[in-house]
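Architecture and fold: a report
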Amino acid sequence: MTTTTADSDLPAICRVNQLPAHVGSTVTVQGWLNNRRSSGKLLFLQLRDGSGTVQAVLYKGAVEDSQFKELDALPQESSLEIVGEVKEDARSPGGVELSVTAVRVVGLAEPYPITKGVDTDSTAFLMDHRHLWLRSSRQAATLRIRSRVIKAIRDFFDSDGFTCVDGPIFTPAACEGTSTLFEVDYFGDPAYLTQSSQLYAEAAAMALGKVYTFGPTFRAEKSKTRRHLTEFWMVEPEVAFARLDDVMDLAENFLVSIISETIGDCRADLELLDRDCDKLLKMVRPFPRISYDEAVEMLNDNGHPFEWGNDFGAPDEEVLTKLFDKPLLVHRFPAQVKAFYMKRDPDDDRVALCVDVLAPEGYGEIIGGSERADDLQFLLDQIKAHDLPQEAFEWYLDLRRYGTVPHGGFGLGLERMVAWLCGTHHIRECIPFPRMLHRIYP
RNA sequence: UCCCCGGUAGCUCAGUUGGUUAGAGCAUCUGACUGUUAAUCAGAGGGUCGUUGGUUCGAAUCCAACCCGGGGAGCCA
């Protein structure tokens with residue numbers, strides 16, 4: 001419980017989720033009117049404060065008749081300070097309720113657009129009202145889980161000797177073509193919003209050993225699927241002297257840590273979202289690891305013809321992930337479908353030392369990582385073969401000129417991770433204000 | 001960029017051989033009710049049927065173009 005400052009005449013303020021500890025006390029609850037029901041001389045005000053909702057019971061006569069009448073007609077989402085005694089009552093949702101002695105209307109609301117008939121099928125309407133939709137219980141729960149996932153991510157790396165070194169948002173040149181980059185005017189020259197901090201993370205790893213970057217990422221792809229945003233958050237660890245097996249171990253430990261940490265603190269929110277936490281807690285090490293070659297074989301064995309050399313599409317991933325009940329690690333893809341900076345497998349020059357982590361239940365690729373090419377001449381050849389401007393990469397090539405070492409890392413898409421954890425169908429609900437094709441408001 | 005679906009009240013939707021004044025639930029407004037749980041009950045207001053053009057005596061309904069949105073593919077995290 002905290003004490004008030006501005007309105008010190010009111011009893012101590014209590015958040016809704018703390019009310020059970022204050023049965024018998026008179027407290028103030030600050031929040032918004034979630035719902036209202038009346039029964040003649042009896043009025044039920046359901047108040048939401050971000051930590052939960054509580055039912056406040058008001059008898060006619062407890063306040064002046066004129067105020068009772070005003071409260072009996074109060075629009076949804078009006079903001080209130082309610083003073084009342086905390087009482088246990090089995091008839092109240094949540095077990096405790098407020099027996100009201102005073103109410104202050106802080107802000108009278110206009111008729112609220114999101115009404116009972118609006119459900120999650122009304123996508124365009126809810127997206128246009130995203131700023132209000134956040135007030136619904138499912139959206140608020142999702143954002144609390146997102147916040148906890150972010151903390152779990154930072155805690156995992158911070159407690160394992162990693163240094164957080166965020167990459168720049170403005171970048172000078174494309175690392176993989178400009179078609180998927182957002183161009184901005186940078187004092188007369190073109191610049192681009194970052195679509196990965198990986199190259200910068202590699203530079204930082206040569207200075208600090210173990211680093212991670214965490215920030216927004218921008219992709220100008222015109223993707224319209226439940227797995228895509230044009231602006232999303234990505235965490236990218238990078239470790240000097242790490243080999244592909246180390247990268248896969250790190251990814252596994254990382255995912256298990258996020259799941260257990262988040263469930264530890266957010267079980268109620270996950271259950272509100274109808275997510276089966278026990279099922280998630282079965283995601284323990286080791287995760288299945290298969291090579292691309294084995295994956296191709298599995299696809300063909302399961303009546304899903306697939307030719308070696310192609311990248312997996314969403315339907316291919318679905319077939320593969322349905323064969324397992326844990327995240328699936330697929331490693332050593334054909335180099336031709338992967339980025340120029342990935343190291344080749346010394347045992348098979350056709351494949352790259354890379355790994356994709358595919359989440360179960362159709363959430364797709366949540367992690368992509370690799371061991372990086374550490375040989376200067378190989379990178380020079382790759383840049384030429386990919387038709388990239390070498391001068392833009394001189395700084396990156398310097399990392400191979402001045403004490404090159406094996407190293408690797410991966411990137412995890414935050415919203416895809418949160419969507420999988422929450423069981424949310426579309427990742428747009430897993431970021432406060434999603435940016436998509438056709439969507440930049442609010 | 002390609003494929004599929006849609007656009008009727010603030011919201012969700014119904015509305016076909018083309019035919020009076022376009023309906024329902026929720027929301028809003030008015031009233032009733034001393035334990036409601038998405039409260040209930042009675043009444044009221046609320047519409048450029050996405051836009052433009054065409055066919056027709058007559059179009060929400062049929063045709064065309066366009067606009068907007070949704071789902072998926074590709075690409076990716």
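Owing to the predicted nature of the structure, the values given are computational and were not obtained by experimental measurement.

It is worth spelling out the protein's contact with RNA strand B at this point. Around RNA strand B there are 47 residues in total, and Asn35, Arg37, Arg219, Glu365 and Arg416 lie nearest to it. When atoms of RNA strand B within 4 Å of the protein are sorted by moiety, sugar and phosphate together comprise 45%. Within the side chain of Tyr59, an N or O atom sits 2.9 Å from a base oxygen of RNA strand B. Within the side chain of Glu221, an N or O atom sits 2.8 Å from a sugar or linking oxygen of RNA strand B. The set of elements that each furnish at least two residues to the surface near RNA strand B consists of strand E1 (26–39), strand E2 (42–48), strand E3 (53–59), helix H2 (123–128), strand E11 (231–240), helix H9 (314–321), strand E17 (364–371) and strand E18 (407–413). For the surface near RNA strand B, the per-class residue count stands at 14 nonpolar, 17 polar and 16 charged.

Relative to the helices and strands, Glu394 resides in helix H11 (residues 394–401). With 14 residues separating them along the chain, Glu394 and Leu380 place their C-alpha atoms 9.8 Å apart.

This part is about a nonpolar patch on the surface. Together, Phe170, Tyr186 and Phe187 give the surface a local cluster of nonpolar side chains, amounting to about 400 Å² of exposed area. You can see Phe170 is positioned in strand E7 (residues 170–171). With a relative accessible area of 46%, Phe170 lands in the partly exposed category.

So, about the domain arrangement of chain A. On domain assignment, one finds that chain A holds domain 1 (16–107) and domain 2 (130–430). Distance between the C-alpha centres of domain 1 and domain 2: 46 Å.

Let's shift gears to the pattern of salt bridges. Pairing between side chains becomes possible if they bear opposite charge and their charged atoms approach one another. A full pass over the atoms with the stated rule returns 33 salt bridges. A salt bridge links Arg15 to Asp49; the shortest N-O distance between them is 3.9 Å. Of this pair, Arg15 sits in the segment before E1 while Asp49 sits in the loop between E2 and E3; the two residues are 34 residues apart in sequence, bridging distant segments of the chain. The partner of Arg144 in a salt bridge is Asp269, with the nearest N and O atoms 2.9 Å apart. Within this pair, whereas Arg144 is found in helix H4 (residues 137–158), its partner Asp269 is found in helix H6 (residues 244–272), the two being separated by 125 residues in sequence. Overall, the relative accessible area of 32% leaves Arg144 in the partly exposed class. Shared partners join several salt bridges into a network, and the residues in it are Arg243, Lys343, Glu371 and Asp374.

The rules behind each value
- Residues numbered from 1 in each chain as written.
- Chains lettered and ligands numbered in written order.
- Predicted model: local features only at pLDDT ≥ 70, side-chain atom pairs only at ≥ 80, totals over all residues.
- Heavy atoms only, no water.
- Near = heavy atom within 4 Å.
- Polar contact = N/O pair within 3.5 Å; in protein donor to acceptor, adjacent residues only side chain to side chain.
- Helix = DSSP H or I, 4+ residues; strand = E, 2+ residues; numbered from the N terminus.
- Nonpolar A, V, L, I, M, F, W, Y, C, P; charged D, E, K, R; others polar.
- Patch = residues over 30% accessible without salt bridge, like charges linked within 9 Å, V, L, I, M, F, W, Y side chains within 5 Å.
- Areas by Shrake-Rupley, 256 points an atom, 1.4 Å probe, with all protein chains shown as cover.
- Salt bridge = Lys/Arg side-chain N within 4 Å of Asp/Glu carboxyl O.
- Buried < 20%, exposed > 50% of the residue type's maximum accessible area, 1.4 Å probe, protein only.
- Domains from an automatic or database assignment.

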